[in-house]
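# Geometric and topological summary
Next come the chains, spelled out residue by residue.
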Amino acid sequence: MTTTAAWRDPALPAAERVEDLLSRMTLREKTAQLYGVWVGAGPDGGEVAPLQSEMSAVPDWDELIAHGLGQLTRSFGTAPVDPGRGARALAAAQRRIAAANRFGIPALAHEECLAGFTAWGATAYPVPLAWGASFDPALVAEVGARIGRDLRSAGVHQGLAPVLDVVRDPRWGRVEETIGEDPYLVGTVGAAYVRGLESAGIVATLKHFAGYAASAGARNLAPVRAGARELADVTLPPFELALREGGARSVMAAYTETDGVPASADARLLTGVLREEWGFTGTVVADYFGVGFLRTQHRLAGDRAGAAHLALAAGVDVELPTVDCYGTPLVDAVQAGRVPEALVDRAARRVLLQKCELGLLDPDWRPEPAGPVVLDSPEGRALARRLAEESVILLENPAGLLPLAPGARIAVVGPRAADPLAMLGCYSFPAHVLPHHPGVEPGIAIPAVLEALRAELPDAEVTFTQGCGVSDTDTSGFAGAVARAAEADVCVAVLGDRAGLFGRGTSGEGCDAADLRLPGVQGELLDALVATGTPVVLVLLTGRPYALGRWSGRLGAVVQAFFPGEEGGPALAGVLTGRVNPSGRLPVSVPRGPGGQPWTYLQPPLGLASEVSSLDPTPLHPFGHGLSYTAFAWTDFGAAEAETGTDGSYDLAVTVRNTGEQAGAEVVQLYLHDPVASVTRPDVRLVGYQRVELAPGEASRVTFAFHADLASFTGAPGVRVVEPGLLELRLGPSSTEVRHTTRLRLTGPVREAGPGRVLRCGTTVAPAG
């Protein structure tokens, strides 16, 4: 081999370089590009993936890398390591990998980055459900770019995020990882995060494709029984939006099966929809052990070679996290004629093309970090603070108990008040990995609510009693908590979840809930506090919504935060004291009762409350709801009646003025109601929104460019169409509060809306007099 080979020439097109390289490679060298290796994985490494101890085996390193290596799995995300030392160790491993194979090709390094780089000492940002609560894609894009730069500085190429699953049942443990229960919100916010990651040169990986969040009974990895129309109109649109607008270069196949077909063996999904309909040209990677699961969990294959054949034929290019089926079993099957070598070539071509685009095939490639590796920078913490502040939701404040008085006697009670880990989701490094390393510090500063509130109100008398644990049944601490509350002017009850993995928490992967009662005896503690007569401010730090109807009308105020990250404590303290004007909005409905699930707001008429059932699914607080300490007036709505074609568009606008005395942000939301259609439709669904920040007395004109494509749906024959007829476009501050309705009539023929359809409602904001 010489450096003048075509594949080594950066001046040539990437596709030409890859074809030249592919023609020179042996079968084993090509298959070596199709799997990762998780060197630290094994029975003693701690479970950080489902069935890890059963599926992992530590390979012989020298033997493994002799023919090359596709990916390195979570060099930073498996055990605590100093970022600088970790980056140097990763660079040394890359040098060794490149030196061991004939072509000098390094591995592509990937890491989790669901709420920040999952590494020791890295900024822990709010979880994606908090991104949705912010209704601020621009800020989420900034966060994605910051995380991307941190990943690149450490030598990482690919980030396994964002999660674009749409919540279908809030009992599911991974709700905290989602952006919400509405596909438009999930798609627009998710696409923004993708843009941020990709702008830093990181390969963003969309997951979990597709249907994972619709698992039966809200059980992790359970079968999905969603129909084809639900998949087309609810599940798939966020992925399409993130690919088309975000530019994601990778997709992760889901664990689950839909109608008997596992995603990792679904050629219609991974090749037909993803590549042939949407034009995707990147890589499809397996969720951890997902290829092997075709044999061990789904029982579609009798051996590893059979599982490899199914996955490759469907379109899974890379087996993660470590080699199981795509190694020797695949090589032997190809040589025996059981698997066409063309399938190996197809996947290897996609993998090598991505490596080429990342510069990993260039002669001047260097793995060493360009400078110091600082993963919790002041810039990162500032972004984490901004996002945390924007994501806190004021659900109730009926008598204006909040903001708290500066000199008040405050009893802080609850198992989440003094624990810094109450701020973090399941995929933060301290919650994800450190439970397997007792005694190791988190590596980042995480002020708890109690600490932050005392700092925010130095003149207040603040006492603290835990009262109970997160999930146990011990009520012995109730008496002390009640006594402190009775002596105070106000009680701040800080309740919620503990993030963890596979049953080690009340929220997180594998931590599914039987119902939506507050965990443990926290509900009973809240009852006891309310019974004292002292006004109670309920602060929730959770990964999912919980049923709050039991306390409706009994609380002084309710504040909801979805695992707000390392700066969540100061953000919550700022909201409680009034330094921060709350502007978060619910990305998921808050149920009234703990049963009657699953339910999200995307319900057709039969899914709504009616006299034919004794169960009323109406939520206590609807999707999009959130209060402020200031007031906003909505005026100058424009026409109440309008008309356009089934291929046309219509602009509707509203003027929003801050009529209060404090700066604040309003979230203007646009919903679609389709009174008559050829298939049943959700009563309302979000089709546009705009966050507007206004000083006291300031006004802005918000204009939505609604295109008829946004009214499209999958019709009876299974084709996406726009139908003529009457629509209602509803403007409001939530999904149930309507400030103005425009009756828009679509004229013309039924029109098919294909992959090139308009996916986003454009918005403009201009100053108003």
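Note: the structure precedes this text.
About the cut-offs
- Residues numbered from 1 in each chain as written.
- Predicted model: local features only at pLDDT ≥ 70, side-chain atom pairs only at ≥ 80, totals over all residues.
- Heavy atoms only, no water.
- Helix = DSSP H or I, 4+ residues; strand = E, 2+ residues; numbered from the N terminus.
- Expected span 1.5 Å × (residues − 1).
- Contact = heavy atoms within 4.5 Å.
- Pairing = 2+ DSSP bridges.
- Axes fitted to C-alpha atoms, helices over the stretch in contact; angles between N-to-C directions.
- Parallel < 35°, antiparallel > 145°, perpendicular 65-115°, else oblique.
- Nonpolar A, V, L, I, M, F, W, Y, C, P; charged D, E, K, R; others polar.
- Left-handed = near helix turned anticlockwise from the far one by under 90°.
- Salt bridge = Lys/Arg side-chain N within 4 Å of Asp/Glu carboxyl O.
- Buried < 20%, exposed > 50% of the residue type's maximum accessible area, 1.4 Å probe, protein only.
- Phe/Tyr/Trp six-rings, centres within 6.5 Å; stacked < 30°, edge-to-face > 60°.

## Points about helix α16 (residues 378–391)
Along its 14 residues, α16 runs 20 Å from first to last C-alpha, staying within 8% of the 20 Å computed at 1.5 Å per residue. For α16, the elements touching its buried residues are α6 (128–134), α7 (137–153), β10 (393–396), β15 (557–562), α21 (568–577) and β20 (685–694).

## Focus: the sheet that holds strand β26 (residues 751–752)
Here three strands make up an open sheet; going across it, the order is β22-β23-β26 and the pairing antiparallel. Two strands lie at the open edges of the sheet, namely β22 (713–714) and β26, each paired on one side alone. Sheet topology places strand β23 (residues 720–722) next to β26; two bridges connect them, and they run antiparallel. From the neighbouring strand, valine 722 faces β26, where its bridge partner is arginine 751.

## Remarks on the packing of helix α9 (residues 228–235) against helix α10 (residues 237–246)
Geometrically, a packed helix pair is captured by the angle between its two axes and the distance between the axes. For the pair α9 and α10, the least separation of the axes is 5 Å and the interaxial angle reads 40°. On the basis of their axis angle, the class for α9 and α10 is oblique. Here Leu231, Ala232, Asp233, Val234 and Thr235 of α9 come into contact with α10, specifically with Pro237, Pro238 and Phe239. When its residues are assigned to classes, the contact of α9 with α10 shows six nonpolar, one polar and one charged.

## Concerning the packing of α16 against α21
As a packed pair, α16 and α21 sit with axes 8 Å apart at the nearest point and diverge in direction by 40°. Relative to α21, α16 is oriented oblique. α16 and α21 meet at a crossing whose hand is right-handed. Each of Arg385, Ala388 and Glu389 in α16 lies in contact with α21, whose residues at this interface are Gly568, Pro570 and Ala571. Taken together, the residues of the contact of α16 with α21 sort by class into three nonpolar, one polar and two charged.

## So, the environment of valine 765
As for its position among the elements, valine 765 is in strand β27 (residues 762–767). The spacing of valine 765 and arginine 701 is 64 residues in sequence and 5.6 Å in space, taken between C-alpha atoms. Leave out the neighbours within four places in its chain, and valine 765 touches Gln690, Val692, Ser700, Arg701 and Val702.

## Considerations on the pattern of salt bridges
Tallied over the entire structure, the rule returns 48 salt bridges. One salt bridge in this structure joins aspartate 62 and arginine 96, with 2.6 Å as the shortest N-O distance. Of this pair, aspartate 62 sits in helix α4 (residues 61–65) while arginine 96 is found in helix α5 (residues 83–100), placing the two residues 34 residues apart along the sequence. We classify arginine 96 as partly exposed; its relative accessible area is 42%. Of the charged contacts, one joins glutamate 456 and arginine 579 as a salt bridge, the two residues approaching to 2.5 Å between their closest N and O atoms.

## What about the packing of aromatic side chains?
As enumerated under the stated definition, the model contains 14 aromatic pairs in all. A centroid spacing of 4.5 Å and a plane angle of 0° characterise the contact between tyrosine 601 and phenylalanine 623, whose relative ring orientation is stacked. Placement of the pair is tyrosine 601 in the loop between α21 and β16 (632–635) and phenylalanine 623 in the loop between α21 and β16, with a sequence separation of 22 residues. In this structure tyrosine 601 comes out as buried when scored by relative accessible area, which is 5%. Judged by relative accessible area, phenylalanine 623 falls into the buried class, the value being 0%. Grouped by ring-pair contacts, the aromatic residues Phe135, Tyr184, Tyr601, Phe623, Tyr671 and Tyr689 constitute a single cluster.

Function cannot be read off these values alone, since they describe shape.
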